[in-house]
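Descriptive analysis of the structure
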Amino acid sequence: QTERGAPLIAAYVSQWLHFAQASQAVSSSLGRAVGSGMREVMVQAWYTAVFRRVEMGLATAAVALVDDARSGGSAGDPQPLTTLHAALADLRPTLAPELQLPRGSGSSLRVYSAWYLEPYAWAAVRYVDSCTRHLQTQGSTREYIRLVSRLMEEEDRRAAAYLRLESVELFKCVLAQRFVAARLANIHAEASSILAAAANDEGGNGDDDDDLRTVFCLLRRVPADSVAMQPLRKTFEAHVSQQILAALPKRAERFDSNDSSSSSAMSLAFSRDAVDWLLSELTRYRNIVKQCFDGDSGFSASLVAGLQRALNSDSLFGPNYPQLRAPLLLARYFGFLLQADSALSLELTATNPAGFENAVEACARDALQLCEYIKDKDKLMGHYLSLLARRLVTESSVSADLERSVVAMLAPVVVFYNNVQIKAMLADMTTSEDLTALYKDAARSPASLDATFKVLTSAAWSQSLASECLPGLAVPTQISAACDRLANLYNARYSNPLHGGNNSSGRKLQWQWAYSKATIQMFFPNSVGRTAISGYTLVVNAYQLAILVLFTESSCLGYASQQLTPVEISSSIKLDSTVVGAELAVLERAGILVRVKNGDNAVMINPSFNSRRMRIDISGIKRMRQQTADEIKTIDCVAEEHRRMQIQSVVVPLLKRHSAMHHKALFDAVTRHFERLFLVKNLAFKLAIDNLIDREFIRRKDDDNRVYEFLTK
């Protein structure tokens with residue numbers, strides 16, 4: 001009782017060890033049955049006669065030693081405290097009603113918890129509070145977060161040395177409740193500002209990332225995850241979506257076009273810029289989750305939710321570009337990647353000629369990461385099909401093998417999408433090559449036209465290319481003869497049973513002149529220069545070809561002197577006057593035709609045409625690679641109609657299996673079925689249900705109109 005501080009601890013521990021050894025010897029000598037009871041009596045006597053007289057001194061001495069270590073004193077040896085808490089943990093009196101145990105400390109450590117753990121914890125609270133008091137009242141929250149984090153890490157190291165292992169977590173919870181949970185609102189607000197600062201950090205010095213990790217480590221100490229961590233996850237989710245929705249409209253404005261008919265935000269170049277930026281943001285946020293949030297699954301889910309909210313927003317690119325959404329953006333990026341003469345494919349070819357295909361596939365795999373977050377995958381594939389059709393028809397695809405490779409990559413992402421149509425389109429290209437080869441083998445005379453044909457099945461291409469059948473178009477004789485020859489070869493192949501055909505197959509060829517083009521050589525009488533002597537090579541579409549041929553067939557004086565009015569041209573080639581006017585305007589802008597000033601709008605071949613280029617493409621076929629606003633709207637409408645039919649195809653089997661289902665249960669089941677293909681909206685579901693009711697497949701229950709029943713016929 002005369003000792004104080006460390007000597008008191010040493011004296012108590014020494015006497016306790018002698019007592020424990022003696023009591024154990026007595027217990028062993030009396031046998032198992034009597035000995036255990038005798039030891040309990042002896043421990044109770046020690047607690048009452050010895051420990052109660054020095055309990056306050058022991059607690060004060062232990063706290064003093066730890067405080068001395070906190071202040072940088074010489075008492076850094078944990079051995080005295082280690083032996084003390086071991087002795088207190090071994091002291092387990094049966095009767096000690098005066099001990100109030102902290103929650104979660106366990107009934108077997110009553111003395112240790114009351115006279116060692118609790119004083120130790122309150123001493124740590126006083127120390128941290130004294131160090132942070134000035135920041136709690138007038139300092140910044142960020143400085144408070146940094147200081148508290150450093151102090152609590154120091155206390156963690158001391159606790160590992162001075163406390164029993166089973167009580168360390170309880171001690172950490174005490175500090176977390178006092179210095180973190182009590183200031184959660186301020187910490188969450190500061191975390192939001194740190195995220196905003198990290199997004200605007202162009203220099204990338206990493207200070208904001210370190211602070212974000214510090215906030216995460218502090219909040220992780222609070223036991224109640226829903227109270228401490230969930231608000232930060234919600235903040236992170238909102239931050240991700242807001243940053244994307246704020247940045248993309250600004251990037252779109254940089255690509256604003258002067259062409260009012262087609263916004264350049266719809267262009268392939270912008271698709272590359274936007275996708276590359278989104279991929280960089282995705283990588284950056286994944287690194288934040290990994291480095292700042294230790295790869296926490298909750299923050300990974302928040303990142304996914306934030307990306308989905310942004311990429312599926314109707315205002316992804318702002319009010320100036322209402323039709324440009326994520327499905328169209330990604331479809332255009334794939335088109336930019338697979339188009340032979342695009343800037344991206346040319347760049348990949350120049351940088352890595354030998355590994356071009358691998359580079360294209362790598363870019364496609366990167367873009368597929370964004371496809372995972374898009375809910376309207378059916379619209380993505382609708383736009384992809386439209387652009388694929390244009391690449392195949394205009395012969396601008398890098399290769400059929402790469403097209404098949406990218407389609408195979410898309411298949412696991414769009415799991416429910418039926419890619420039979422894509423396979424049919426690619427199969428048509430193979431069939432067309434075979435038929436073209438047959439045509440060239442059959443037409444070996446010098447007068448025969450050198451032609452390449454594409455035979456497209458209407459079922460596979462009707463949704464991707466607008467049909468424009470003009471059976472009465474007056475095409476040149478050579479082209480008409482070539483078409484007849486191919487038609488005979490086609491009918492012989494697909495109507496002859498010996499070649500796998502069917503006499504009653506009903507196959508019929510309809511020539512799509514809007515997608516046809518020709519390469520011709522043209523001479524101009526008054527043209528001068530080396531190019532004029534050898535003639536100009538013109539690439540024209542079928543309409544332009546029909547117009548130019550009129551000047552060669554209508555006059556024996558030479559086509560350079562022939563004059564024709566738009567009405568005469570329209571009547572001769574049996575083409576709508578609007579289309580004729582548009583093609584004449586193209587030929588006039590190119591300088592091939594000139595307007596005659598005689599009052600009837602007649603045109604004639606420009607005899608003095610000159611150009612520095614030997615080959616001039618005025619066909620306009622390249623312009624078909626871009627979608628117009630009306631085509632984009634049509635694809636979206638077709639997708640909505642397909643959704644309604646797909647919903648109906650799922651609703652009927654569900655009701656047939658269950659006889660009757662509540663509206664909410666049925667809606668949830670349909671939503672789960674299509675969650676990997678598109679988001680089922682209430683309006684689409686309602687229209688599908690109403691259509692099935694009108695067609696008498698289902699009905700509403702008489703006593704509850706929220707329940708649907710299947711009608712048996």
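Now for a description of the structure that goes with this document. (Residues numbered from 1 in each chain as written. Predicted model: local features only at pLDDT ≥ 70, side-chain atom pairs only at ≥ 80, totals over all residues. Heavy atoms only, no water.)

1. Re the overall build of the chain
How we decide: Runs of E in the DSSP output that reach at least two residues are strands. Runs of H or I that reach at least four are helices, and both are numbered from the N terminus. Each residue is assigned to one of three classes by its accessible area relative to the maximum for its type, calculated with a 1.4 Å probe on protein chains only: buried under 20%, partly exposed between the two thresholds, exposed over 50%. It only takes one pair of heavy atoms within 4.5 Å for two residues to be counted as in contact. Only the protein chains shown count as cover for residues, and the accessible areas themselves come from Shrake-Rupley with a 1.4 Å probe.
The secondary structure content of the chain amounts to 26 helices and nine strands. Every one of the 713 residues in the chain was classed for burial, and the buried ones make up 46%. Once local pairs closer than 6 in sequence are excluded, the contacts in the chain between residues at least 24 apart make up 70%. When the accessible area of the chain is evaluated, it comes to approximately 35900 Å², of which 52% is carbon and sulfur surface.

2. Overview of helix H14 (residues 356-371)
Filter applied, for reference: Helix span, expected: 1.5 Å multiplied by one less than the number of residues in the helix.
The terminal C-alpha atoms of H14, which comprises 16 residues, lie 23 Å apart, in line with the 22 Å expected from a rise of 1.5 Å per residue. Listed in full, the buried residues belonging to H14 are Phe356, Ala359, Val360, Glu361, Cys363, Ala364, Ala367, Leu368, Leu370 and Cys371.

3. A short note on the nonpolar core
Filter applied, for reference: Take the buried Ala, Val, Leu, Ile, Met, Phe, Trp, Tyr and Cys residues and link them wherever side-chain atoms come within 4.5 Å; each set so joined is a nonpolar core.
Ranked by internal contacts, the top residues of the largest apolar core, which has 163 residues, are Tyr12, Phe236, Phe293, Phe317, Tyr384 and Ile647. Top contributing element to this core by residue count: helix H2 (residues 32-70), with 13 residues. Sequence-distant contacts of Tyr384, that is, excluding residues within four places in its chain, are made with Ala331, Phe334, Leu338, Arg391, Glu403, Val406, Val407 and Leu410. Counting 37 residues, the second-largest nonpolar core is a separate cluster that includes Leu473, Leu548, Leu550 and Leu584.

4. Some words on the packing of aromatic side chains
Note the cut-off: To pair, rings of Phe, Tyr and Trp, with the six-membered ring standing in for Trp, must have centres within 6.5 Å; the planes then decide the type, stacked if under 30 degrees apart, edge-to-face if over 60, and tilted in the middle.
This model, assessed by the stated rule, comprises 27 aromatic pairs. Seen from their ring centres, Phe236 and Phe299 are 6.1 Å apart, and the 65 degrees between their planes marks the pair as edge-to-face. Of this pair, Phe236 sits in helix H9 (residues 225-254) while Phe299 sits in helix H11 (residues 297-311), and the two are 63 residues apart along the sequence. The pair Phe236 / Phe299 is uniform in exposure class, with both members buried. Ring centres 6.0 Å apart and planes at 65 degrees place the aromatic pair Phe524 and Tyr536 in the edge-to-face group. Of the two residues, Phe524 sits in the loop between strand E1 (517-522) and helix H20 (530-534) while Tyr536 sits in strand E2 (residues 536-541), which places them 12 residues apart along the sequence. Taking the relative accessible area as the measure of exposure, Tyr536 reaches 1% and is therefore buried. Through pairs of rings, three or more aromatic residues link up here, namely Tyr12, Trp16, Phe19, Trp46, Tyr47 and Phe51.

5. Details of the side chain of Thr394
Quick reminder of the rule: In protein, a polar contact means a hydrogen-donor-capable atom and an acceptor-capable atom, both N or O and within 3.5 Å, with residues adjacent in sequence counting only if both atoms are side-chain atoms; elsewhere, any N or O pair within 3.5 Å suffices.
Assignment of secondary structure puts Thr394 in the loop between helix H15 (377-393) and helix H16 (400-413). Thr394 gets classed as buried once you look at its relative accessible area, which sits at 7%. Here Arg390 takes part through its backbone oxygen, which lies 2.5 Å from a polar atom of the side chain of Thr394. Here the side chain of Thr394 touches Ser396 through a polar contact of 3.0 Å, side chain to side chain.

6. Some details on unusual backbone geometry
Here the phi dihedral of Ser659 falls at roughly 70 degrees; this positive angle occurs in a residue that is not glycine. In this structure, Ser659 sits in the loop between helix H24 (629-658) and strand E7 (660-662). Taking relative accessible area as the criterion, Ser659 reaches 49% and is therefore assigned partly exposed. Even without being a glycine, Glu696 presents a positive backbone phi close to 65 degrees. Mapped onto the elements of the fold, Glu696 is located in the loop between helix H26 (682-694) and strand E8 (698-700).

7. What to know about the pattern of salt bridges
Going by this rule: By salt bridge we mean one thing: a side-chain nitrogen of Lys or Arg within 4 Å of a carboxyl oxygen of Asp or Glu.
For the coordinates displayed, the defined rule picks out 40 salt bridges. In this structure, the salt-bridge partner of Glu640 is Lys379, at a minimum N-O distance of 3.0 Å. Taken together, the positions of Glu640 in helix H24 and Lys379 in helix H15 put the pair 261 residues apart, joining distant regions of the chain. Residue Glu640 is classed as partly exposed on the basis of its relative accessible area, which comes to 30%. Classification of Lys379 as buried rests on a relative accessible area of 8%.

8. Regarding the sheet that holds strand E5 (residues 603-605)
Short version of the rule: Each pair of strands is called paired provided DSSP finds at least two bridges between the two strands. To obtain each axis, a line is fitted to C-alpha atoms, and for helices this fit is confined to the stretch in contact; angles are then taken between N-to-C directions over 0 to 180 degrees.
Ordered in space as E3-E5-E4, the three strands form an open sheet in which the pairing is antiparallel. The sheet terminates laterally at strand E3 (563-564) and strand E4 (593-595), the two strands that pair on one side only. Strand direction decides the pairing type here: E4 and E5, joined by three bridges, are antiparallel. Across the sheet, residue Arg595 finds its bridge partner in E5, namely Val603. Lying over the sheet, helix H23 (residues 577-589) contacts E4 and E5, oriented at roughly 105 degrees with respect to E4.

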